[in-house]
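Descriptive structure summary
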Amino acid sequence: MDTETTVPALPEALLQVSDISFRIPDRERSLFDGLNLRVEAGESVVILGGSGVGKSTLAAMIFGLRKLPGLQGNVSCTEDSVLLLQEGAVFDHLSVGGNIKLVLNRHGRSSTDKDICDLLGQVNLENVPLNTPAHNLSGGQKRRLALARALATHPSLFYFDEPSAGLDIDNVRDQADLIRSLQNKEGIGIVVVTHDPLLAAIAGDRVLLLEDGRFHEIASYSNPVDAQSSDEVRRRQTEIEDGVSGRLGVDLSGSEEEGFSLKSLMTQVGSQLESLV
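Below you will find a few notes about this structure. All residue numbers refer to positions counted from 1 along the written sequence of the respective chain. With the structure being a predicted model, the display of local features is reserved for residues of pLDDT at least 70 and the display and counting of side-chain atom pairs for 80 or more, all residues being used for whole-chain, interface and lining totals. As a rule here, side-chain values come from all non-hydrogen atoms in the structure, and water together with hydrogens is ignored.

1. Side note on the sheet that holds strand 5 (residues 82–84)
Strands pair in a sheet through their backbones, by hydrogen bonds, and they do so in one of two ways: parallel or antiparallel. Stated precisely, the cut-off is as follows: Between any two strands, at least two bridges found by DSSP are needed for them to pair. Going along the chain from the N terminus, every DSSP run of H or I of four or more residues is numbered as a helix, and every run of E of two or more is numbered as a strand. Working convention: axes come from line fits to C-alpha atoms, limited for helices to the stretch in contact. Angles between N-to-C directions cover 0 to 180 degrees.
Spatial ordering of the open sheet is given by 5-6-7-3-8-9, a layout of six strands whose pairing is mixed. Sheet topology places strand 5 and strand 9 (214–220) at the edges, where each strand pairs with a single neighbour. Each strand of the sheet is rotated relative to its neighbour by a mean of 20°, with strand direction disregarded. Note: strand 5 against strand 6 (residues 157–161), three bridges, orientation parallel.

2. Section: the pattern of salt bridges
The test is simple: Note on definitions: salt bridges are taken to be side-chain nitrogens of Lys or Arg within 4 Å of carboxyl oxygens of Asp or Glu. Exposed residues in this analysis have more than 50% of their type's maximum accessible area, buried residues have under 20%, and partly exposed residues fall in between, with area computed by a 1.4 Å probe over protein chains only.
Enumeration over the complete set of coordinates arrives at six salt bridges. The partner of Lys142 in a salt bridge is Asp92, and the shortest N-O contact between them spans 3.1 Å. One end of the pair, Lys142, is in helix 4 (residues 139–151); the other, Asp92, is in the loop between strand 5 and helix 2 (96–106), and 50 residues separate them in sequence. Of the residues examined, Asp92 reaches a relative accessible area of 35% and is grouped as partly exposed. For Asp118, the salt bridge identified is with Lys114, shortest N-O distance 3.0 Å. Residue Asp118 and its partner Lys114 are located together in helix 3 (residues 113–122), separated by four residues, close to a single helical turn. The exposure class of Lys114 is exposed, given its relative accessible area of 57%.

3. Some words on the sheet that holds strand 4 (residues 72–77)
How we decide: Contacts are assigned to residue pairs that have any heavy atoms within 4.5 Å of one another.
Strand order across the open sheet formed by three strands is 2-1-4, with antiparallel pairing between neighbours. Either end of the sheet is taken by a strand with one partner, and the two such strands are strand 2 (32–40) and strand 4. In this sheet, neighbouring strand axes are inclined to one another by 10° on average, regardless of whether the strands run parallel or antiparallel. Helix 1 (residues 55–63) contacts strand 1 (13–22), strand 2 and strand 4 of the sheet and is inclined by roughly 120° relative to strand 1.

4. What about helix 2?
Basically, it comes down to this: This arc is taken over the directions from the axis of the helix to the C-beta atoms.
Every buried residue belonging to helix 2 is among Val96, Gly97, Asn99, Ile100, Val103 and Leu104, and all of these are buried. Down the axis of helix 2, the buried side of the element spans an arc of 160°, and every buried residue falls inside it. Backbone geometry just downstream of helix 2 places Gly108 in the positive-phi region, at approximately 65°.

5. Brief notes about the environment of Asp242
Tracing the backbone through its elements, the reader meets Asp242 in helix 7 (residues 231–248). Under the relative-accessibility criterion, Asp242 is labelled exposed at 51%. In this structure, the C-alpha to C-alpha distance between Asp242 and Leu198, residues 44 residues apart in sequence, is 9.5 Å.

6. Considering the nonpolar core
As a reminder of what qualifies: By nonpolar core is meant a set of buried Ala, Val, Leu, Ile, Met, Phe, Trp, Tyr and Cys residues that side-chain atoms within 4.5 Å join together.
Ranked by internal contacts, the top residues of the largest apolar core, which has 51 residues, are Leu145, Phe158, Val207 and Ile240. Discounting residues that sit within four places of it in the chain, Leu145 has contacts with Val90, Val96, Asn99, Ile100, Leu120, Leu125, Ala134 and Leu137. Core analysis: the next-biggest nonpolar cluster, separate from the first, contains 25 residues, Val17, Val45, Leu68 and Tyr159 among them.

7. Quick notes on the pairing of strand 9
In this structure, strand 8 (residues 206–211) lies alongside strand 9, joined through six bridges in antiparallel fashion. Bridge pairing in strand 9 links Leu210 to Phe215.

8. Considerations on the environment of Leu265
By secondary structure assignment, the location of Leu265 is in helix 8 (residues 262–276). A relative accessible area of 3% places Leu265 in the buried class. With 20 residues separating them along the chain, Leu265 and Ser245 place their C-alpha atoms 9.8 Å apart.

Right, dumping it as structure tokens:
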């Protein structure tokens with residue numbers, strides 16, 4: 001009897017970037033050269049890259065922020081996706097509660113004090129009075145308020161642009177933990193563009209390097225990534241290790257595991273921190 005093998009269908013992608021090529025006029029090399037990216041629900045993808053590699057252009061392409069003449073390839077993104085820029089989208093002239101109420105009302109959703117407090121609780125701002133002027137918040141609090149405003153729209157994907165820029169180490173850890181909690185509780189897809197190795201290590205299921213017009217996998221949470229094929233990938237892995245070690249003040253030397261795994265790295269961090277308590 002003949003049998004048919006059924007191949008399981010891939011989950012629907014929240015963000016799909018397929019075979020993108022793009023060249024900036026007056027530049028010899030293409031900015032993107034066969035660029036591919038897929039992000040699914042409940043997945044957190046961190047993007048690293050140096051200056052001028054196309055990180056800002058990537059966001060502009062995905063969210064249609066500006067025209068890119070000559071762009072080739074396909075981009076699809078869920079309509080309810082949200083782009084969160086470094087400083088967030090907070091109205092300083094409004095109160096904390098007023099910022100969220102404005103968004104809820106625009107989307108025709110209930111905007112009682114309880115609704116607002118529920119959203120603030122999701123971003124660890126439940127102890128901030130609703131009548132607090134937004135301009136009195138710290139930088140970290142403003143970013144969490146911007147995130148609460150975004151959550152009010154019920155997005156399926158968040159795209160964070162340098163969410164830890166200018167924050168101290170405690171706020172970076174809080175931001176990373178918050179991104180993780182959103183992913184785990186809400187099943188939201190996450191993209192994080194950052195230079196911060198600690199944020200990348202805590203928040204990412206996958207860490208990708210944007211270089212030479214393409215993405216190169218640097219790290220995965222569950223599967224060790226071998227760097228034998230690329231000196232640059234290994235250099236970036238070392239930057240993550242050294243950055244996490246330096247910022248947390250722990251010794252991560254001596255690992256004998258083959259390949260580079262975020263799970264192994266953060267297990268080492270956890271044991272080191274416990275020994276310091």
